[in-house]
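Descriptive analysis of the structure
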Amino acid sequence: MKLYHFPLSGHAHRARLFLSLLDLPHEVIDVDLKSGENKTPEFLAMNPFGQVPVLEDDGVFIADSNAILVYLAKKSGRSEWLPEDAVGAAAVQRWLTVAAGDIAFGPAAARLITVFGRPFNPEEVIARAHLVLSRIEKHLEGREWLVGDGPTIADVAQYSYIVGAPEGNVDLSGYPAVNALLRRIEALPGFVPFPQTAAGLRSIA
């Protein structure tokens with residue numbers, strides 16, 4: 001397998017993290033977004049949206065980080081990461097949607113301001129971040145994981161942009177259950193840390 005990747009992308013990190021948690025042999029190929037490598041005809045042939053990550057597996061190309069999580073869970077036959085029953089599968093899908101929506105437009109967007117200079121409204125995206133974090137905090141009352149009794153791709157999908165939220169001036173100190181979830185994920189065999197940036201380190205100093 002090959003993972004086309006950008007080190008500071010939370011989307012790319014969640015795919016790399018899950019590959020490592022599954023202990024699947026793979027090659028990581030960094031894509032130079034600054035030079036527009038993701039807009040070349042060669043890359044667009046793999047993903048017409050021009051986004052990382054992209055997983056290549058024996059001639060099959062899977063784009064979108066959450067789709068990659070689903071593909072890897074199914075391909076490896078690891079149903080503990082993606083339940084086969086209707087209720088469990090639906091519960092995981094709900095959290096994949098949160099990752100693609102509320103997390104992307106909250107914590108991830110806040111980080112895009114400080115790390116990549118995106119022209120978002122800081123107050124607006126930080127408020128969105130705290131709203132989704134408060135909802136996750138409430139959901140985790142009496143739970144260790146988002147779905148069921150063990151880690152699933154629902155947890156993997158949330159991790160990168162939540163742990164990176166302080167880079168976007170989103171304070172995580174008021175969310176003990178969320179922080180406990182992050183520490184549980186970090187304790188899993190095969191865990192790969194999300195890189196901290198100079199801008200992010202300044203924001204949490």
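All of the points below concern the structure found in this document. On a predicted model such as this, the values are computed, not experimentally measured, just so you know.

This part is about the overall build of the protein chain. Within the protein chain, the secondary structure is distributed over 9 helices and 4 strands. The helix and strand sequence of the protein chain, counted from the amino end, reads β-α-β-α-β-β-α-α-α-α-α-α-α. Computed over C-alpha atoms, the radius of gyration of the protein chain comes to 16 Å, within 12% of the 17 Å expected from 2.2 N^0.38 for 205 residues, which places it in the range of a compact globule. Principal axes of the C-alpha set define a box for the protein chain whose edges measure 45 × 40 × 25 Å. Every one of the 205 residues in the protein chain was classed for burial, and the buried ones make up 47%. The contacts in the protein chain between residues at least 6 apart in sequence include a share of 68% that link residues at least 24 apart. As presented, the protein chain carries roughly 9800 Å² of accessible surface, and 57% of it is formed by carbon and sulfur atoms. For the protein chain, the centre of its 18 positive side-chain charges and the centre of its 24 negative side-chain charges are spaced 4 Å apart.

With that out of the way, let us pick up the side chain of His-13. Relative to the helices and strands, His-13 is located in helix α1 (residues 10-21). Residue classification places His-13 among the buried residues on the basis of a relative accessible area of 2%. Not counting residues up to four positions away in its chain, the partners in contact with His-13 are Tyr-159, Ser-160, Val-192, Pro-193, Phe-194 and Pro-195.

Turning our eyes to something else, we now look at the environment of Asp-171. Along the chain, the position of Asp-171 falls in the loop between α7 (153-163) and α8 (176-186). Reaching out from Asp-171, the side chain makes a polar contact with the backbone nitrogen of Ser-173 at a distance of 2.9 Å.

A separate point is the pattern of salt bridges. One pass over the structure, following the stated rule, counts 7 salt bridges. The shortest N-O distance in the salt bridge between Asp-57 and Lys-75 comes to 2.5 Å. Pair noted here: Asp-57 is in strand β3 (residues 54-57) and Lys-75 is in helix α3 (residues 65-76), with a separation of 18 residues, a long-range link. Judged by relative accessible area, which is 48%, Lys-75 ranks as partly exposed. For the salt bridge of Glu-186 with Arg-183, the shortest nitrogen-to-oxygen distance reads 2.7 Å.

When the terminal C-alpha atoms of helix α4 (residues 86-105) are compared, their 28 Å separation across 20 residues agrees well with the 28 Å that a helix rising 1.5 Å per residue should span. Largest kink in α4: about 35 degrees, centred on Val-98. Of the positions making up α4, those classed as buried are Gly-88, Val-92, Trp-95, Leu-96, Val-98, Ala-99, Gly-101, Ile-103 and Ala-104. Contact partners of the buried residues in α4: α1, α3, α5 (107-116), α6 (122-139) and α7.

Our next topic: the packing of aromatic side chains. For the structure on display, the rule yields 3 aromatic pairs. On the basis of an interplanar angle of 90 degrees and a centroid distance of 5.5 Å, the ring pair of Tyr-159 and Phe-191 is categorised as edge-to-face. Remark: Phe-191 occurs in the loop between α8 and α9 (198-203) and Tyr-159 occurs in helix α7; sequence separation between them is 32 residues.

Cut-off values and rules
- Residues numbered from 1 in each chain as written.
- Predicted model: local features only at pLDDT ≥ 70, side-chain atom pairs only at ≥ 80, totals over all residues.
- Heavy atoms only, no water.
- Helix = DSSP H or I, 4+ residues; strand = E, 2+ residues; numbered from the N terminus.
- Rg over C-alpha atoms; globule rule 2.2 N^0.38 Å.
- Buried < 20%, exposed > 50% of the residue type's maximum accessible area, 1.4 Å probe, protein only.
- Contact = heavy atoms within 4.5 Å.
- Areas by Shrake-Rupley, 256 points an atom, 1.4 Å probe, with all protein chains shown as cover.
- Lys, Arg positive; Asp, Glu negative; His and termini not counted.
- Charge placed at Lys NZ, Arg CZ, Asp CG, Glu CD.
- Polar contact = N/O pair within 3.5 Å; in protein donor to acceptor, adjacent residues only side chain to side chain.
- Salt bridge = Lys/Arg side-chain N within 4 Å of Asp/Glu carboxyl O.
- Expected span 1.5 Å × (residues − 1).
- Bend = angle between axes of the 7 residues up to and from the residue.
- Phe/Tyr/Trp six-rings, centres within 6.5 Å; stacked < 30°, edge-to-face > 60°.

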